[in-house]
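Examination of the molecular architecture
Take a look at the letters that make up each chain.
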2 protein chains.
Amino acid sequence: MSLGIVTPQSMHFQEPLKLSSGASIADYTLVYETYGTLNADRSNAVLVCHALNASHHVAGIYVNEQGETTSVGWWDNMVGPGKPLDTNRFFVIGVNNLGSCFGSTGPMHLNPSTGKPYGASFPVVTVEDWVDAQARLADALGIRQFAAVMGGSLGGMQALSWSLKYPERLRHCVVVASTPKLSAQNIAFNDVARQAILTDPDFHGGDFYAHGVVPKRGLRVARMIGHITYLSDDDMAEKFGRMLRNGDYQFGFGIDFEIESYLRYQGDKFSEYFDANTYLLITKALDYFDPARDDDGDLSKTFARTQAQFLLASFTTDWRFAPERSREMVQALVSNKRHVTYAEIDAPHGHDAFLLEDPRYMRVVRTYYDQVWRELRAGAQS
Amino acid sequence: MSLGIVTPQSMHFQEPLKLSSGASIADYTLVYETYGTLNADRSNAVLVCHALNASHHVAGIYVNEQGETTSVGWWDNMVGPGKPLDTNRFFVIGVNNLGSCFGSTGPMHLNPSTGKPYGASFPVVTVEDWVDAQARLADALGIRQFAAVMGGSLGGMQALSWSLKYPERLRHCVVVASTPKLSAQNIAFNDVARQAILTDPDFHGGDFYAHGVVPKRGLRVARMIGHITYLSDDDMAEKFGRMLRNGDYQFGFGIDFEIESYLRYQGDKFSEYFDANTYLLITKALDYFDPARDDDGDLSKTFARTQAQFLLASFTTDWRFAPERSREMVQALVSNKRHVTYAEIDAPHGHDAFLLEDPRYMRVVRTYYDQVWRELRAGAQS
C-alpha cells in the first residue's frame with residue numbers, strides 16, 4: 001500500500017554550520033518529509049538519505065489541484081505501510097541535503113550576505129557536512145537515536161558516515177549499492193560531467209541565474225554520462241541492443257539507435273529541472289567521501305569507531321559500485337566483530353538496481369527491518 | 001630497430017567512390033606510408049588499418065628541420081626491421097582513411113562542388129567504404145593479394161571487412177582488440193561524445209571553419225569520455241588511484257585528483273589537433289559496423305564468406321571490446337572450419353593494451369608473422 005498524499009515540511013536553522021572545508025554556512029533551511037508515527041520513547045525513527053538525483057520525497061505521492069499524481073517518491077517501493085521499511089512500525093524521515101535543488105538551501109537561493117543567489121559562492125559540502133546538518137534536524141525532532149539510518153549509493157555513504165560520526169545515534173546502518181570511496185574511474189566520470197557543465201558558455205562561472213540562462217547543454221551531457229554508468233552493459237543490451245529507431249541507418253547525426261534516443265531524452269529531461277551548481281557540488285561530495293583517509297586507508301581501523309549493526313547489499317551487475325566494494329566494507333566490519341548482514345543480489349540492472357523492485361532484494365530489507373522491529377519491541381517491553 | 005625517418009605519400013583518385021549511404025564522393029586523395037620493399041611477385045604486402053585517433057603514420061619517425069623527432073608512428077613497437085611485423089620481410093602500408101583529419105580527403109578540405117570546406121556536408125562513411133578506398137589504393141600499387149590485413153580496434157573492423165568484402169585479396173587477417181559490432185553501451189558512449197561536440201556553440205552545425213573557431217570544449221569532453229573507456233578500472237586505480245595533486249582537498253572545482261589532471265590534459269591536447277567533424281564521422285563508422293546485420297545477426301553465416309586465415313587477439317581487462325567479443329568471432333570462424341589462432345592476453349591496460357608493448361602479445365604477433373613468412377617463402381619456391 002502506498003502512503004498516499006504526502007507533504008514536505010521545512011525547518012530553518014539559525015546557528016551557522018561549520019563545514020569540512022573550514023567555511024561555514026550562516027543559516028539554512030532543510031526540507032524534509034516524515035511518514036508514520038514517532039513512538040513515545042522516540043525509538044522507531046529511520047532516516048533515509050538520498051543519492052545524487054533524489055530528494056526528501058522518499059515515498060508517497062504529490063498531487064496537483066486536479067488531484068492528479070505529479071510525483072511519486074523515489075523509494076516508494078521500499079517505504080510505506082506494509083513495505084519493507086514499514087511505516088506502520090517506523091517513523092521514517094527523508095531530508096533534502098544542503099546544496100541540493102529541491103528545497104533545502106542551495107546555490108540558487110539568496111546568499112544573505114550579498115542578497116544575490118549563491119551560485120558559485122555556495123560552499124563545497126561533504127557527506128560529513130550533510131550528516132551534521134541531518135543530526136541537527138534529528139535534534140530538533142527530539143530523536144536521540146535512530147532505529148536505523150539507511151541509504152543507497154551516495155545515500156549509503158551518508159549512512160556510513162552516521163555510523164562513524166555519531167556511532168551512538170543509530171542502532172542499525174543500512175548501506176545499499178555503495179562504496180567506502182570512489183575509484184579513479186568513478187572520479188573520472190564525475191570530472192568529465194563537471195567539465196561539460198563548467199565549460200558550457202551558459203554556465204557563466206556558476207552565476208547563470210543572473211543571466212537568465214541555464215547551462216542545459218552541459219547538464220544534458222553530464223546526465224547522459226552518468227546514466228550510462230547507472231545501467232549495466234547487459235541490461236542496456238537487453239533493453240536496447242542495436243535496435244534502430246527508423247528501421248535503417250540514417251547516415252547523419254540525428255537518431256539512429258534507440259539507445260541514443262533514450263539517453264538524449266534522459267539528458268534533456270534532467271537539464272530541465274536539475275541545477276548545474278548542485279550537480280557540481282554533489283559529484284564533489286561523492287569524490288571526497290573517503291572516511292578511511294585519515295587512517296591511511298585502513299578501513300578496519302576506521303570502522304572500529306562504529307557501534308551499529310549493519311545491513312549491506314550490493315548488486316552483481318553494478319559496475320559503478322561493484323560488489324567488491326561492499327565486500328571490502330563487510331570484511332572491515334567483521335574484523336571489528338561488528339554484527340553484519342550482507343546480501344549480494346544477482347540482479348541485471350546495474351547500479352540502478354537499488355531503486356528497483358527486485359523480490360530478493362526487497363525480501364532481504366524486509367527481513368532485516370522485521371528483526372529491527374522485534375528488537376525494538378523487546379527493548380520497549382524490557 | 002626503428003625504421004628511422006619516413007615520409008608520407010599521397011595518391012589522388014579521380015573516379016567517384018560510391019558509398020554505403022548511397023551518396024558518393026567525387027574524387028579524393030589518400031595519404032599513405034610504406035615501409036620495406038615489395039617483392040617481385042607482390043606477395044609480401046601487409047596493410048595496417050588505423051583506429052579512431054591514428055593515421056597512415058604507423059611506424060618510423062618524422063623530424064623537423066633541426067633533425068628533432070616530431071612524431072613517432074602509432075604502432076612503431078609492432079612494425080619495423082626485426083619487429084613482430086618485420087619490414088625486412090614485409091612491405092607494410094599504412095593508409096589514412098577518408099574523412100580523417102591527417103591528410104586524406106576529409107571535412108576540412110574543399111568540396112569541389114561548392115569551393116568551400118565540406119564541413120557538415122562531408123558524407124557519412126563506413127568501415128566498408130574505407131575498405132573500398134583502400135582496395136583502390138592496393139590496385140594502384142599493383143597489389144592483388146595482401147599477405148595480411150591487420151588492425152586493432154576500429155582497425156580490426158577494417159581487417160574483418162576486408163576478409164568479407166574481398167575474401168580472395170588477403171591470405172591472413174589479423175584482428176586485435178576488436179568486435180563484430182558495437183554494444184548498446186559502446187554506442188551510448190559514442191553518442192554522448194557526439195552530443196558534446198554537436199551542442200558546442202562553436203560547432204556551428206559543422207561549418208565552424210568559416211567562423212574561424214573550433215569546438216574545442218566539445219572535443220575535449222568527447223576525448224575525456226573516450227579515454228576513460230580505453231583504460232581499465234584497475235589500471236587507472238594503479239596509475240592514479242585517489243592521488244591528490246596538491247596534497248589535500250581544494251574544496252573547489254579546479255583539480256583535486258591526479259586523474260582529473262591527466263584526463264583534462266588529454267582532452268585539451270586532443271582538442272588542439274583533432275577535427276570535430278572527423279570525430280563524428282569516425283564514431284558513426286564504429287556504430288554502423290555490423291557485418292552480420294544482413295545475415296540476421298548470424299555471424300557464422302557471415303563468416304562463411306571469408307577465405308583468409310585468422311589471428312585474433314584480445315585483452316582480459318579490455319571492457320570496451322571485451323574478450324567475449326573476440327571469442328564470438330573465433331567460434332563463428334571455427335564453425336566455418338576456418339584456420340584461426342586466438343590469443344587472450346592477460347594484460348592490465350584495458351583497450352589501450354593493443355597499442356602497448358606487452359611481451360606476450362608481441363610474441364604472439366611475431367610468431368604468427370613468422371608463419372606467414374614461411375608460407376610465403378614456401379609459395380615462392382613451389
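Before going into details, it helps to say that this report is about the structure given with it.

Basis of the calculations
- Chains are numbered independently. Their residues run from 1 in the order of the written sequence.
- The naming scheme follows written order: chains are lettered A onward, ligands numbered 1 onward.
- Predicted model: local features are reported for residues with pLDDT of at least 70 only, side-chain atom pairs are reported and counted for 80 or more only, and whole-chain, interface and lining totals are derived from all residues.
- As a rule here, side-chain values come from all non-hydrogen atoms in the structure, and water together with hydrogens is ignored.
- Helix numbering and strand numbering both begin at the N terminus, where a helix is a DSSP run of H or I of at least 4 residues and a strand a DSSP run of E of at least 2.
- Here the globule rule reads 2.2 Å times residues to the power 0.38, and the radius of gyration is calculated from C-alpha atoms.
- Relative accessibility decides the category of a residue: with a 1.4 Å probe and only protein chains considered, values under 20% of the type maximum give buried, values over 50% give exposed, and everything between is partly exposed.
- Here, residues are in contact when the closest pair of their heavy atoms is within 4.5 Å.
- Computed with the Shrake-Rupley method and a 1.4 Å probe, the accessible areas treat only the protein chains shown as cover for residues.
- Neither His nor the chain ends contribute to the count of charged residues, in which Lys and Arg are positive and Asp and Glu negative.
- Lysine's charge is taken at NZ, arginine's at CZ, aspartate's at CG and glutamate's at CD.
- The atoms used to superpose the copies are C-alpha atoms, taken from residues with pLDDT of at least 70 in both, and the fit is least squares.
- For helices, the fitted line uses only the C-alpha atoms of the stretch in contact; every axis is such a line through C-alpha atoms, and the angle between N-to-C directions lies from 0 to 180 degrees.
- Roughly parallel here means an angle under 35 degrees, roughly antiparallel means over 145, roughly perpendicular means 65 to 115, and every remaining angle is called oblique.
- Handedness of each helix crossing follows the sense of rotation of the near helix against the far helix: counterclockwise by less than a right angle gives left-handed, clockwise gives right-handed.
- In this count, Pro and Cys sit with the nonpolar residues alongside Ala, Val, Leu, Ile, Met, Phe, Trp and Tyr, while Asp, Glu, Lys and Arg are called charged and the others, Gly among them, polar.
- Multiplying one less than the number of residues by 1.5 Å gives the expected span of a helix.

Here the focus is the overall build of chain A. Secondary structure summary: chain A contains 10 helices and 16 strands in total. Taken against the 2.2 N^0.38 rule, which gives 21 Å for 382 residues, the C-alpha radius of gyration of chain A at 21 Å falls within 12% of a compact globule. Expressed as lengths along the three principal axes of its C-alpha atoms, the size of chain A is roughly 70 × 55 × 50 Å. Within the span of chain A, comprising 382 residues, buried residues form 61% of the whole. Restricting the contact set of chain A to residue pairs at least 6 apart, pairs at least 24 apart contribute 70%. Accessible area for chain A stands at about 14,100 Å²; split by element, carbon and sulfur atoms hold 50% of it. Charged side chains of chain A number 35 positive and 44 negative; the gap between the two group centres comes to 4 Å.

We now examine the relation of the copies chain A and chain B. Screw-axis analysis of chain A against chain B gives a translation of 0.0 Å along the axis, an RMSD of 0.0 Å, and a rotation angle of 180°. The superposition operator between the copies reduces to a two-fold rotation axis. Comparing interface residues between copies, 100% of those in chain A also sit at the interface in chain B, which points to an isologous, same-surface contact.

With that settled, consider the packing of helix α4 (residues 216–230) of chain B against helix α6 (residues 258–273) of chain B. Residue and element names in this part refer to chain B. Orientation of α4 relative to α6, taken along the N-to-C sense of each, is 130°, at an axis distance of 8 Å. Taken together, the axis directions place α4 and α6 in an arrangement best described as oblique. The interaxial crossing formed by α4 with α6 has right-handed handedness. Across the interface between the two elements, Lys216, Leu219, Arg220, Arg223, Met224, His227 and Ile228 from α4 touch Tyr262, Leu263, Arg264, Gln266, Gly267, Asp268, Phe270, Ser271 and Glu272 from α6. Of the residues in the contact of α4 with α6, the class split is 6 nonpolar, 4 polar and 6 charged.

So, on to helix α1 (residues 127–140) of chain A. Note on helix geometry: an α-helix contains 3.6 residues per turn, so any two residues three or four positions apart are oriented the same way. Along its 14 residues, α1 of chain A runs 20 Å from first to last C-alpha, staying within 8% of the 20 Å computed at 1.5 Å per residue. The buried fraction of α1 of chain A is high, at 12 of 14 residues.

Residue and element names in this part refer to chain A. Mapped onto the elements of the fold, Thr302 is located in helix α8 (residues 299–303). Exposure remark for Thr302: the relative accessible area of 0% places this residue in the buried category. Here Thr302 is in contact with Leu164, Pro291, Ala292 and Asp295, once residues within four sequence places are set aside.

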